[in-house]
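What follows is the residue order along each chain.
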Amino acid sequence: MVRWFAIGLVAAFLATALPVVAMRWMDPWYSAFMLDAALDASRQGKANYKTDYRWADLEQISPHAAVAVIASEDQLFPYHTGFDFKSIREAIRANERQATRKRPRIRGGSTISQQVAKNLFLWSGRSYLRKGLEAYFTLLIEITWPKERILEVYLNVAQFGDGIYGVEAAAQRYWRKPAARLDRWEAATLAAVLPNPVRLHANAPSPYVQLRRDQILAQMRGLGGASYLGELEAPTAPPKAGGGKRK
């Protein structure tokens, strides 16, 4: 039994690790989150639902979009190894305070790396099993991918609307332009809808989205704009006021 258990563990590791390693160079043709959303739409009878997913290499994406998602979601992205434990602790405390309210606002502490792991390989929802698998895939991704690749995949699989995945699809749908031509304002607007891309709309921003967009623009300036992306290759020191909102 010990032998078969060990064989099973090795087989499970290879079955999960090999796709992660392969995706360092191979662009994902789909994601688990896209499949889950499509199946959910089918169950709800949404006949017009369609997945709009258009891949774009990092060089074909505006630097403003890259800085915007870092400013919004994970300002310490160049420096951590997949987990921001300070933000996780803060999220736990904030959620404990919200638990007694009628409409609690759940705060997340997930890094960009964790969101890539969740979107690519896992299902939506909250459970200890899913969080454990998310941590496992996050470690695999951080060990085998450079930061530029993690950011590239995130920008392509993140949801920016109902059935709209990736900044290329969002840029084409909302502004009729390629992702390479997104300006700071448009990039920050896309980042502002990330907490709830089905309810929040980049092409018709609510007062909340407008406020969040302006906050992200200020955070982008605070990070130094596009020059901050140089930290991905040669990180120096984390920003003093890090910690954007997380999903």
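Each value, and the rule that gives it
- Residues numbered from 1 in each chain as written.
- Predicted model: local features only at pLDDT ≥ 70, side-chain atom pairs only at ≥ 80, totals over all residues.
- Heavy atoms only, no water.
- Helix = DSSP H or I, 4+ residues; strand = E, 2+ residues; numbered from the N terminus.
- Buried < 20%, exposed > 50% of the residue type's maximum accessible area, 1.4 Å probe, protein only.
- Contact = heavy atoms within 4.5 Å.
- Areas by Shrake-Rupley, 256 points an atom, 1.4 Å probe, with all protein chains shown as cover.
- Axes fitted to C-alpha atoms, helices over the stretch in contact; angles between N-to-C directions.
- Parallel < 35°, antiparallel > 145°, perpendicular 65-115°, else oblique.
- Left-handed = near helix turned anticlockwise from the far one by under 90°.
- Nonpolar A, V, L, I, M, F, W, Y, C, P; charged D, E, K, R; others polar.
- Phe/Tyr/Trp six-rings, centres within 6.5 Å; stacked < 30°, edge-to-face > 60°.
- Lys NZ or Arg CZ within 6 Å of the ring centre and 35° of its normal.
- Salt bridge = Lys/Arg side-chain N within 4 Å of Asp/Glu carboxyl O.

*Asks:* Please clarify how the overall build of the protein chain should be interpreted in this entry.
*Replies:* Summing up its helical and strand segments, the protein chain has 10 helices and three strands in all. For the protein chain, the sequential pattern of α-helices and β-strands runs α-α-β-α-α-α-α-α-β-β-α-α-α. Counting every position in the protein chain, which comprises 247 residues, the buried fraction comes to 45%. Counting contacts in the protein chain only where the partners sit at least 6 residues apart, residues at least 24 apart contribute 72% of the total. When the accessible surface of the protein chain is totalled, it reaches about 13400 Å², and 59% of it is carbon and sulfur.

*Asks:* Would you mind going over the packing of helix H5 (residues 112–121) against helix H6 (residues 128–144) with me for this structure?
*Replies:* Think of two packed helices as two axes; the pair is described by the angle between the axes and how far apart they sit. Packing of H5 against H6 leaves a shortest axis separation of 8 Å and a crossing angle of 110°. Taken together, the axes of H5 and H6 are roughly perpendicular relative to one another. Pair H5 / H6 crosses with right-handed handedness. Seen from H5, the contacting residues are Ser113, Gln114, Val116, Ala117, Lys118 and Phe121; seen from H6, they are Arg130, Lys131, Glu134, Phe137, Thr138, Ile141 and Glu142. When the residues that make up the contact of H5 with H6 are grouped by side-chain class, the tally is five nonpolar, three polar and five charged.

*Asks:* Just checking my understanding: could you explain helix H8 (residues 167–175) for this structure?
*Replies:* Because the α-helix completes a turn every 3.6 residues, residues three or four places apart line up on one side. Judged by how many residues are buried, H8 sits mostly within the fold: seven of nine residues are covered. Taken residue by residue, H8 has Val167, Glu168, Ala169, Ala170, Ala171, Tyr174 and Trp175 as its buried positions. Contact partners of the buried residues in H8: strand E1 (52–53), helix H3 (63–73), helix H7 (147–157), strand E2 (159–161), strand E3 (164–165) and helix H9 (184–192). Of the residues trailing H8, Arg176 is marked for its positive phi of about 55°.

*Asks:* When you look at the packing of aromatic side chains in this model, what are you seeing that I'm missing?
*Replies:* The description of an aromatic ring pair rests on the distance of the ring centres and on the angle between the ring planes. Evaluation of the coordinates by the stated rule reveals four aromatic pairs. Both rings, one in Phe121 and one in Phe137, keep their centres 4.7 Å apart while their planes meet at 10°; by these two values the pair is stacked. Of this pair, Phe121 sits in helix H5 while Phe137 sits in helix H6, and the two are 16 residues apart along the sequence. Within the aromatic cluster, the residues linked to one another by ring pairs are Phe121, Tyr136 and Phe137. Sitting over the ring of Phe77, Lys147 keeps its end group 4.5 Å from the ring centre.

*Asks:* Explain the pattern of salt bridges to me, please; I cannot follow it from the model alone.
*Replies:* A pair can form between side chains of opposite charge whenever their charged atoms are brought close. Within this structure, the stated rule accounts for 10 salt bridges. We note a salt bridge from Arg149 to Asp27, for which the minimum N-O separation is 3.1 Å. Placement of the pair is Arg149 in helix H7 and Asp27 in the loop between helix H1 (2–22) and helix H2 (32–43), with a sequence separation of 122 residues. Assessed through its relative accessible area of 39%, Asp27 is described here as partly exposed. Connected through salt bridges with shared partners, the residues Asp27, Arg149 and Glu152 form a single ionic network.

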